[in-house]
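Read off the chains here:
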Amino acid sequence: MLKLYHNPLSMNSRRVWIALLEKQLEFELVDIKLDGDQLQPEFLAMNPFHHIPVLADEDFSVIESLAILDYLEAKYPSPSLLPNNPQDLAIVRMVEMVTVNELVSAMNPLISQMMGFPGSEDSQKLEQAKHKVSTGLEFLQKLLGDRPYFGSDQLTLADIVAGCSVPLLPMLDFPLTEYQKLNAWVERLIQRFAWQTTQPTPELIEAFKSRMQTLMAQRQHNL
Ligand SMILES: N[C@@H](CCC(=O)N[C@@H](CS)C(=O)NCC(=O)O)C(=O)O
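Residues numbered from 1 in each chain as written. Predicted model: local features only at pLDDT ≥ 70, side-chain atom pairs only at ≥ 80, totals over all residues. Heavy atoms only, no water.

1. Things to note about the overall build of the chain
- Within the chain one finds 9 helices and 4 strands.
- From first element to last, N terminus to C terminus, the chain shows the α and β order β-α-β-α-β-β-α-α-α-α-α-α-α.
- Against the globule reference of 17 Å for 223 residues, the chain gives a C-alpha radius of gyration of 18 Å, in line with a compact fold.
- Its C-alpha atoms give the chain principal-axis dimensions of about 55 × 45 × 25 Å.
- Within the chain, the fraction of its 223 residues that count as buried is 44%.
- A separation threshold of at least 6 residues defines the contact pool for the chain, and within that pool the share at least 24 residues apart is 68%.
- Entry remark: accessible area of the chain is about 12,100 Å², with carbon and sulfur atoms responsible for 54%.
- If the 18 positive side-chain charges of the chain are averaged to one point and the 28 negative ones to another, these points end up 3 Å apart. (Helix = DSSP H or I, 4+ residues; strand = E, 2+ residues; numbered from the N terminus. Rg over C-alpha atoms; globule rule 2.2 N^0.38 Å. Buried < 20%, exposed > 50% of the residue type's maximum accessible area, 1.4 Å probe, protein only. Contact = heavy atoms within 4.5 Å. Areas by Shrake-Rupley, 256 points an atom, 1.4 Å probe, with all protein chains shown as cover. Lys, Arg positive; Asp, Glu negative; His and termini not counted. Charge placed at Lys NZ, Arg CZ, Asp CG, Glu CD.)

2. Points about the side chain of Glu 96
- The topology assignment puts Glu 96 in helix H4 (residues 86–115).
- A relative accessible area of 2% means that Glu 96 is categorised as buried.
- Apart from the residues within four sequence positions on either side, Glu 96 is in contact with Leu 66, Leu 69, Leu 157, Ala 158 and Val 161.

3. Comments concerning the domain arrangement of the chain
- When the domains of the chain are assigned, the result is domain 1 (2–75) and domain 2 (86–191).
- Computed over C-alpha atoms only, the centres of domain 1 and domain 2 are separated by 23 Å.
- Each side of the interface is counted separately: domain 1 has 9 residues, and domain 2 has 13 residues.
- Buried area between domain 1 and domain 2, summed over both chains or domains, comes out near 1,000 Å², and the portion from carbon and sulfur atoms is 76%.
- On the domain 1 side of the interface with domain 2, the three residues burying the most area are Met 11, Arg 15 and Leu 66, jointly 54% of the side's total. (Domains from an automatic or database assignment. Buried area = accessible area lost by both parts, 1.4 Å probe.)

4. Thoughts on the site of the ligand
- In the vicinity of the ligand, the contacting residues are Ser 10, Asn 12, Arg 15, Leu 34, Gln 38, His 50, His 51, Ile 52, Pro 53, Glu 64 and Ser 65.
- Side-chain polar atom of Gln 38 to an oxygen atom of the ligand: 3.0 Å apart, as the coordinates give it.
- Within the backbone of Ile 52, a nitrogen or oxygen atom sits 2.8 Å from an oxygen atom of the ligand.
- About the coverage of the ligand: the protein hides 72% of its 520 Å² of free accessible area.
- With respect to the pocket detection grid, the ligand is positioned in the largest pocket.
- Taken together, the residues of the shell around the ligand break down into 3 nonpolar, 6 polar and 2 charged. (Near = heavy atom within 4 Å. Polar contact = N/O pair within 3.5 Å; in protein donor to acceptor, adjacent residues only side chain to side chain. 1 Å grid on protein atoms, 1.4 Å probe; cavity = no way out; pocket = protein on both sides within 12 Å on 5 of 7 lines; lining within 4 Å. Sits in = over half its atoms within 2 Å of the grid points. Nonpolar A, V, L, I, M, F, W, Y, C, P; charged D, E, K, R; others polar.)

Shown next as structure tokens:
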């Protein structure tokens, strides 16, 4: 059976978890606590870079969330999460890459602020981050156009990748009210079983927040 090594708070892992659910595959979840499980020799043998997610398919391991999504799509093509038309396929790939390379990095300072990390209150950095996020959202909204999903009338890998990041923005003090089409798309996604099943609970988020705050305070103290 497929095994997904993940953590319920990791948006990189959540992409794969959602794809497995959307494809209605049988799989086993293996929880990796990121305060050391990822450094154990058995885990490093699968991913020497000590990152989740890892998908193990018998003795074949795949790392990197986008590579795992492609593996699942190729091995289990139905229901399809990729369009065939060249332009639509390009839209899906652009959304995946822009989310990972532009949007997620722009969101990081907002996440640090929400976590209450020391030094995260720099208002100039936060403004710059918000500006980059809005550039990303405008671009994504243009690619969405009037369709319900990116590049298709059906859910695609682009929706999964962007849909693990964009819906977090209102929690990060970045409301989506100015982006009506994206906002409606978020509403559509969060109704889906796969999003509801993988949504981290507020208790998990709070526990993570206080663990990280203690860790950061200890680090500062030791400097
Ligand atoms: N590019 C990788 C990024 C994976 C990644 O950064 N995972 C984080 C959790 S979200 C992790 O495992 N961090 C623990 C560590 O690096 O030790 C992917 O898309 O799979």
